[in-house]
Amino acid sequence: MAKECFVCKKTVVSGNQVSHSNKHSKRVWKPNLQRVKVVIEGTPQRISVCTRCLRSGKVERA
């Protein structure tokens, strides 16, 4: 599965997970991507789109 949104280019973000005792360890935040069939230039294609773009209507589903 793709790691970025086709529309807004939202991608994986990394940082530190900080525990209650203030220990730091690396972690990643992944976007909520869904594989949907979308009409691009008149032809239906399967692409990965984040749920924010789906909900706001930035893509036209096939």
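Everything quoted here is computed from the prediction, not taken from an experiment. (Residues numbered from 1 in each chain as written. Predicted model: local features only at pLDDT ≥ 70, side-chain atom pairs only at ≥ 80, totals over all residues. Heavy atoms only, no water.)

A. How the structure looks around the overall build of the protein. Scanning the protein from terminus to terminus reveals one helix and four strands. Along the protein, from the amino end to the carboxyl end, the secondary structure elements read β-β-β-β-α. Over its C-alpha trace the protein gives a radius of gyration of 16 Å, far above what one expects of a compact globule, namely 11 Å for 62 residues. The principal-axis extents of the C-alpha atoms in the protein amount to approximately 55 × 20 × 15 Å. Relative to all contacts within the protein whose residues are 6 or more apart in sequence, the contacts with residues 24 or more apart total 31%. Element-wise, carbon and sulfur atoms account for 48% of the exposed surface of the protein, whose accessible area totals about 5000 Å². (Helix = DSSP H or I, 4+ residues; strand = E, 2+ residues; numbered from the N terminus. Rg over C-alpha atoms; globule rule 2.2 N^0.38 Å. Contact = heavy atoms within 4.5 Å. Areas by Shrake-Rupley, 256 points an atom, 1.4 Å probe, with all protein chains shown as cover.)

B. Highlighting the environment of Lys9. Considering the arrangement of structural elements, one finds Lys9 in the segment before strand 1 (13-18). Among the residues examined, Lys9 registers a relative accessible area of 48% and is labelled partly exposed. Between the C-alpha atom of Lys9 and that of Val49, which follows or precedes it by 40 residues, the distance is 9.0 Å. At 3.1 Å, the side chain of Lys9 and the backbone oxygen of Phe6 are in polar contact. (Buried < 20%, exposed > 50% of the residue type's maximum accessible area, 1.4 Å probe, protein only. Polar contact = N/O pair within 3.5 Å; in protein donor to acceptor, adjacent residues only side chain to side chain.)

C. Summary view of the nonpolar core. In this structure, Cys5, Leu33, Val36, Val38, Ile40, Ile47, Val49, Cys50, Cys53 and Val59 together form the largest nonpolar core, which totals ten residues. When contributions to this core are tallied by element, the ones reaching two or more residues are strand 3 (33-40) and strand 4 (43-50). Ranked by residue count, the leading element in this core is strand 3, at four residues. Once residues within four sequence positions are removed from consideration, Val36 is found in contact with Gln45, Arg46, Ile47, Val49, Leu54 and Arg61. (Core = buried A, V, L, I, M, F, W, Y, C linked by side-chain atoms within 4.5 Å.)

D. Representation of the pairing of strand 2 (residues 24-29) in the model. Note: strand 1 against strand 2, six bridges, orientation antiparallel. From the neighbouring strand, Gly15 faces strand 2, where its bridge partner is Arg27. Counting the residues that bridge the hairpin from strand 1 to strand 2 gives five residues, and of these Asn22 lies at a positive phi of roughly 70°. (Pairing = 2+ DSSP bridges.)

E. Structural detail: the environment of Thr11. Its location among the elements puts Thr11 in the segment before strand 1. In sequence terms Thr11 and Lys23 are twelve residues apart; their C-alpha atoms lie 26 Å from each other. A polar side-chain atom of Thr11 sits 3.4 Å from the main-chain carbonyl oxygen of Lys3.

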